[in-house]
Amino acid sequence: MDSPRYPDAEEWKSLLTRAAQARWGEEAASRMQSLLERTAASIRAVMDYPLPGLEASSFVLPGPDGEER
Amino acid sequence: MNRALLTMPATEVAALIRSRELAARDYLDSLRARIEEREPLLKAWETLDLEGAYRQAEALDKEAASGKLRGPLHGIPIAAKDVFCADGLPARGGLAALHDYVPDFDATAVARLRRAGAIVVGKTATTQLAYVDPAPTRNPWNLEHTPGGSSSGSAAAVADGMVPAALGTQTAASTLRPAAFCGLVGLKATYGRIGRKGMFLLAPTLDHVGLIVRTVSDAALFLSAMAGKEEGDPTASGRPVGEYLSAIANPSPPRIGFLRGLFQERTQPETWARLEQSVEKLRASGAIVEEVPLPADFPLILDAHQVILVSEAGVSHFDTFRRHPDDFRPQAQVLMETSQLVPATAYLRALQIRRYLQGGLGALFNGYDLLLTAVATGPAPRGLEWTGDPVCAIPWTFLGLPALALPMGLGSQGLPLGLQLIAPAWQEERLLAGARWCEMALAATPDLLAQEAHPA
């Protein structure tokens, strides 16, 4: 099987824009464009970053004493 | 109005009140006169409770007369950004939907300051939800400029001599940047060092309590009163609280790692040149300052911060937005709408990246007490529409590290400039000691009242 292909920044922008149009309407999507573009670029960067194996399979959340677990 | 009192550091005022050379009521008289004179221009306050403040001051004066002092802040008036709950005062966070909300309890930070003897004068103006839609507040150094945000009113009120200290918050740059824009010391302690119960949250894994004061000694004094575990707040750490006032008593020259990279790229040349001059002055005074290269993936922090901020803000205010969407100002509305579209996988990936970088970036401190870089990309921007670029403070907020804004004089426009010092997690003693040493070496804290009396 080929490696799965993830969206690039343009595709993320397009995905978010279409989702915004469907969820909030055309006018809202237009207002949202600047933040959508910035967020799309950030999502792409975050999803593309190669985390080492152990880090990628662990989730860390605050524990009851405030320390992360 | 006793003008000498208006920009006196809180530590000095507290000593005068303790020794009964100054009554809390008389000090409040001077602050009240300043507020009445300047508030119509500055718009720093959301709610003022001078009547309540006088009641508190008179009670504290009586206690002092009978030899009882509540704590190290006995009789010191403070302001709280209007995202903190304070008993009996409206709490709005810039949202009309919360117009009638009057909490009957104090947020942890407010309660601890009161317990140490502080007087709550009122609530200061904030950008809506501590995000980016601006408050009407003006910069006391030049009314045509923003004081920065989101802790806009807190910074303006302290800089103008209305109160000696104010609480702010920081999710990106919201304490250190306005402190720098107004010529003040801003402190954001390690994530978890100060409890957040009773504070409106914007992005819960990024939000910090902030402090805006005049001097590093004041920062140590107030942090001592606020730090520590809080029952019912799982994010408030039980780690031992440091001896912050002892730490600054006789500081040694620090070993400092100087960061350029994206900080230099994003900072205006004049501001960066002043930073270089400050570094040279620190070296000449005995500090060891060496350049520390940033890893290639450092800018990823800005992306991961963005994903976390947008995602968490959508949850923090989800129900309020659903019920009162029209109360949200344009940028906050767009934030709330965008937040509903971010994939959960991206948010969780950003959290993983933060954990990974928190481990790896600790190496930046190898051989150094502190890191030093720009705190803002320039002086306060002209106009009130934009509170300034947060980029220089975001990495340390994202990583949860303690960071402090320190003044480095006035720029060519007559507006304050600052620098930023950062310490490893939980090392506030080291941060404050190094900052105190740098503050003495630079001797560059501007005084607005002195400037008013003797304009350049």
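Before reading on, note that the structure itself is shown above.
Definitions and cut-offs
- Residues numbered from 1 in each chain as written.
- Chains lettered and ligands numbered in written order.
- Predicted model: local features only at pLDDT ≥ 70, side-chain atom pairs only at ≥ 80, totals over all residues.
- Heavy atoms only, no water.
- Contact = heavy atoms within 4.5 Å.
- Buried area = accessible area lost by both parts, 1.4 Å probe.
- Salt bridge = Lys/Arg side-chain N within 4 Å of Asp/Glu carboxyl O.
- Polar contact = N/O pair within 3.5 Å; in protein donor to acceptor, adjacent residues only side chain to side chain.
- Helix = DSSP H or I, 4+ residues; strand = E, 2+ residues; numbered from the N terminus.
- Nonpolar A, V, L, I, M, F, W, Y, C, P; charged D, E, K, R; others polar.
- Phe/Tyr/Trp six-rings, centres within 6.5 Å; stacked < 30°, edge-to-face > 60°.
- Buried < 20%, exposed > 50% of the residue type's maximum accessible area, 1.4 Å probe, protein only.
- Lys NZ or Arg CZ within 6 Å of the ring centre and 35° of its normal.

(A) Summary view of the interface of chain A and chain B. Listed as interface residues are 36 residues of chain A and, on the opposing side, 37 residues of chain B. In this assembly, chain A packs against chain B so that about 3000 Å² is buried in total across both faces, 65% of it on carbon and sulfur atoms. The largest share of the area that chain A buries against chain B comes from A:Leu35, A:Val46 and A:Tyr49, three residues that together contribute 21% of it. Run the count over chain A and chain B and you get one salt bridge. One salt bridge connects B:Glu337 with A:Arg31, and the closest N-O pair in it is separated by 3.4 Å. At the junction of chain A and chain B, the tally comes to seven residue pairs in polar contact (both at pLDDT 80 or more). Looking at the side of chain A that touches chain B, the elements that each hand over two or more residues are helix H1 (9-24), helix H2 (26-31), helix H3 (33-48) and helix H4 (53-56) of chain A. Broken down by class, the residue content of the side of chain A that touches chain B amounts to 23 nonpolar, six polar and seven charged.

(B) Inspection of the environment of B:Pro204 at higher detail. Residues and elements named next belong to chain B. Within the secondary structure, Pro-204 is located in the loop between strand E5 (185-188) and strand E6 (208-213). As a C-alpha pair, Pro-204 and Ser-316 span 112 residues in sequence and 7.7 Å in three-dimensional space. Setting aside residues no more than four positions away along its own chain, Pro-204 makes contact with Tyr-191, Arg-196, Glu-312 and Ser-316.

(C) Main features of the packing of aromatic side chains. The full count for this structure, using the stated rule, is seven aromatic pairs over all chains. Considering the side-chain rings of A:Tyr49 and B:Tyr356, the 6.3 Å spacing of their centres and the 55 degrees angle between planes classify their relative orientation as tilted. Of this pair, A:Tyr49 sits in the loop between H3 and H4 while B:Tyr356 sits in helix H15 (residues 344-360), on two different chains. Judged by relative accessible area, which is 28%, B:Tyr356 ranks as partly exposed. Taken together, the ring pairs in this structure connect A:Trp24, B:Phe321 and B:Phe328 into an aromatic cluster. Across the ring face of A:Trp24, the terminal group of A:Arg23 is positioned such that the distance to the ring centre comes to 3.9 Å.

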